[in-house]
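These are the residues of each chain, in order.
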Amino acid sequence: MTHKPTVLAVESSCDETAVAIYHPEQGILANEVFSQIPLHREHGGVVPELAARDHMRRLPILLDEALTSAKRQLSDIDVIAYTAGPGLLGALMTGAAFARSLAFSLNKPALGIHHMEGHLLSPMLGDEQPEYPFVALLVSGGHTQLMAVNAPGDYQMLGQTLDDAVGEAFDKTAKLMGLLYPGGPELAKLAEDGDPQSFKLSRPMVNRPGMDMSFSGLKTQVRLLIESSENSEAQARANIAASFQQTIADTLVIKCQRAWAHTGYRDLVVAGGVSANQTLRQALEDSAQKHNKRVFFPPKALCTDNALMIAYVGALRAQQAGTHDLNIDARARWPLSDIAAI
Ligand code: KG4
Ligand code: ZN
C-alpha cells in the first residue's frame, strides 16, 4: 500500500459494540463505543446470546455515527479491520460478518485483528508513546499476560495467570461482596474509603521464581473475610476491598520488576480494562521511578474495549507488505504469541 490507509474498524468481542476510523497521519477520526453493561447487569454477567444480538442491532447505527463524526464517506475507507478473536464466538461472528461483508461490497481488504494486540498497542494512541522493544502487562477480564514486545507483531510470552485473569478476580470478588457487574470499577470505588493495610492477604506466587501468576486464591481469602461476622460493617467492607486491590497491585509490580530484569527493556506498557485502575497505575509508576524505568498507559477512554485500538493495528498491518487480506474468521481462542505465524 503506497499511500497511508484510512482504516475503519469494528470491535464486538464481548459487551462493547464499537466502530472507529483512524488514519496514520490524520490520527483519530472517529471513536464510537456503545456499552451493553445495562443489558447484562440484571443477569449479573455477560449473556453471550444477548451480546451477539445487540451487536447486530448496534453496528449499522455506530457505522453511520462514525462516518458522520469523521466527515467521511464509505468510499473514503481503504481498509476494514475487525476483531477476529479471542472473545465470545457469537459476538465475534457478528462483527466479523459485518466487517467482511462491508469490505466485500466496497471491494476493499478486510483484516482480522487480535483483540489483545489492540490492547497491547493502545498506549501508542496516547500523547507520549513507548519505544520498542518494551515489556507489556496485559490485564483484562479474560487475560493476564506479561509479554516481551520486541517489534510490532513480534511478541513473546513471559508469564501469564494460571487461573483467573486479574479483571475476572476483580469481578468475582466484587460479586461476592454484592457489588454490581462489572465489578472491577465498583470494587475500586468501594476501596477508596478503605485502608489497604488493614488486612494482610497473601500475595500469590511471589515467593516462586518466574513471571506466571495466580489470582483465584485471593478470591477465597476475601470470601472468608466477608463471611466473618466481625466484618459486616461498611468500613470493614471498604477495608477488605482496599486490601484486595492493594495485594493485586503489589503482586503485579513484583512480576513487572522481574520482566524488566529479565528483558533489560526500559519501557513498560500496561493495557486492558484493569489498566484503568488508579491504585495499580500509581504502584507501577512508583516502581518505574524507583528503578529508572518508564511506564505507559492507554488514555483512560481506551483502557476498556474500543475499536480505535483495532483500527490502529489494522493500519499497521495494512502498511506491512504482503498482508493485505488475511483470510481469518472469528476465533474464540487465539494466543497472542502466535500472531507472527499467521
Ligand atoms: O479489556 P476489557 O474492557 O475487556 C476484556 O477484554 O476483557 O476489560 C474488562 C475488565 C473487567 O473485568 C473489569 O471489571 C475490569 O476490566 N476493570 C477494572 C477497572 N475498570 C475495568 N478493574 C479494576 N479497576 C478498574 N478501574
Ligand atoms: Zn478487551
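Reading the values: the criteria
- Residues numbered from 1 in each chain as written.
- Chains lettered and ligands numbered in written order.
- Predicted model: local features only at pLDDT ≥ 70, side-chain atom pairs only at ≥ 80, totals over all residues.
- Heavy atoms only, no water.
- Pairing = 2+ DSSP bridges.
- Helix = DSSP H or I, 4+ residues; strand = E, 2+ residues; numbered from the N terminus.
- Axes fitted to C-alpha atoms, helices over the stretch in contact; angles between N-to-C directions.
- Contact = heavy atoms within 4.5 Å.
- Phe/Tyr/Trp six-rings, centres within 6.5 Å; stacked < 30°, edge-to-face > 60°.
- Buried < 20%, exposed > 50% of the residue type's maximum accessible area, 1.4 Å probe, protein only.
- Lys NZ or Arg CZ within 6 Å of the ring centre and 35° of its normal.
- Salt bridge = Lys/Arg side-chain N within 4 Å of Asp/Glu carboxyl O.
- Parallel < 35°, antiparallel > 145°, perpendicular 65-115°, else oblique.
- Nonpolar A, V, L, I, M, F, W, Y, C, P; charged D, E, K, R; others polar.

Colleague: Honestly, the sheet that holds strand E10 (residues 294–296) in this entry has me stumped. Any pointers?
Modeller: As a general point, the strands of a sheet are linked pairwise by backbone hydrogen bonds and lie either parallel or antiparallel. An order of E8-E7-E6-E9-E10 is seen for the five strands of this open sheet, with the pairing classed as mixed. Edge strands, defined here as strands with exactly one partner in the open sheet, are strand E8 (154–160) and E10. If you compare each strand with its neighbour and ignore which way they point, the axes differ by 25° on average. Pairing between strand E6 (residues 134–139) and strand E7 (residues 144–151): six bridges, direction antiparallel. Across the sheet, Val 135 pairs through a bridge with Ala 148, a residue of E7. Against the sheet, helix H8 (residues 234–263) makes contact with E6, E7, E8, strand E9 (267–271) and E10, and its axis sits at roughly 155° relative to E6, the strand it touches most.

Colleague: What is the right way to read the packing of aromatic side chains from this model?
Modeller: Here a ring pair, both rings aromatic, is described through the centre-centre distance and the interplanar angle of the planes. Overall, the coordinates contain three aromatic pairs when judged by the stated rule. Between Phe 170 and Phe 244, the aromatic rings sit 5.2 Å apart at their centres with planes inclined by 85°, giving edge-to-face as the arrangement. Separated by 74 residues along the polypeptide, Phe 170 in helix H5 (residues 166–176) and Phe 244 in helix H8 bring together distant segments of the chain. Looking at Phe 170, the relative accessible area reads 3%, which means it is buried. Phe 244 gets classed as buried once you look at its relative accessible area, which sits at 1%. Note that Arg 58 overlies the ring of Phe 34, its terminal NZ or CZ placed 4.0 Å from the centroid.

Colleague: Is there a simple way to think about the pattern of salt bridges in this case?
Modeller: Pairing is possible between side chains of opposite charge, provided their charged atoms come close. Summed over all chains, the structure comprises 14 salt bridges. With its nearest N and O atoms 3.3 Å apart, the salt bridge here joins Arg 266 to Glu 131. Residue Arg 266 is found in the loop between H8 and E9, and its partner Glu 131 is found in the loop between helix H4 (115–121) and E6; the two are separated by 135 residues along the sequence. A residue is classified by how much of its surface remains accessible, and Glu 131, at 46% relative accessible area, is partly exposed. The closest approach of N and O atoms between Lys 219 and Asp 164, which form a salt bridge, is 3.0 Å. Here Asp 164 lies in the loop between E8 and H5 and Lys 219 lies in helix H7 (residues 216–227), a separation of 55 residues in the sequence.

Colleague: Mind showing me how you'd approach the sheet that holds strand E4 (residues 79–85) here?
Modeller: Pairing is mixed in the open sheet, where five strands are placed in the order E3-E2-E1-E4-E5. The two strands at the open ends of the sheet, each matched to only one other strand, are strand E3 (27–35) and strand E5 (110–114). Sheet twist, expressed as the average angle between the axes of neighbouring strands with direction ignored, equals 20°. Against the sheet, helix H3 (residues 89–106) makes contact with strand E1 (7–11), E4 and E5, and its axis sits at roughly 160° relative to E4, the strand it touches most. Strand contacts of helix H10 (residues 308–319): E1, strand E2 (16–23), E3, E4 and E5, with the helix running at about 120° to E5, the strand carrying the most contacts.

Colleague: Quick question: what am I supposed to make of the packing of H5 against H8 here?
Modeller: The relative placement of two packed helices is expressed as an angle between their axes plus a distance between the axes. The interhelical angle for the contact between H5 and H8, taken along N-to-C directions, is 170°, at an axis separation of 11 Å. What the angle tells us is that H5 and H8 run roughly antiparallel. Contacts between H5 and H8 involve Val 166, Ala 169, Phe 170 and Thr 173 from the former and Phe 244, Gln 245, Ile 248 and Leu 252 from the latter. A per-class count over the contact of H5 with H8 returns six nonpolar, two polar and no charged.

Colleague: Just checking my understanding: could you explain the environment of Cys 303 for this structure?
Modeller: Relative to the assigned elements, Cys 303 resides in the loop between E10 and H10. For the pair Cys 303 and Ala 81, spaced 222 residues apart in sequence, the C-alpha separation works out to 19 Å. Apart from the residues lying within four places of it in its own chain, the contact partners of Cys 303 are His 119, Gly 272, Gly 273, Ser 275, Ala 276, Arg 281 and Pro 298.

Colleague: What's the story with the side chain of Ser 243 in this structure? I'm lost.
Modeller: Inspection of the secondary structure puts Ser 243 in helix H8. With near-sequence residues (within four places) excluded, Ser 243 lies in contact with Asp 195, Pro 196, Ser 198, Phe 199 and Leu 201.

Just geometry here; none of it tells us what the structure is for.
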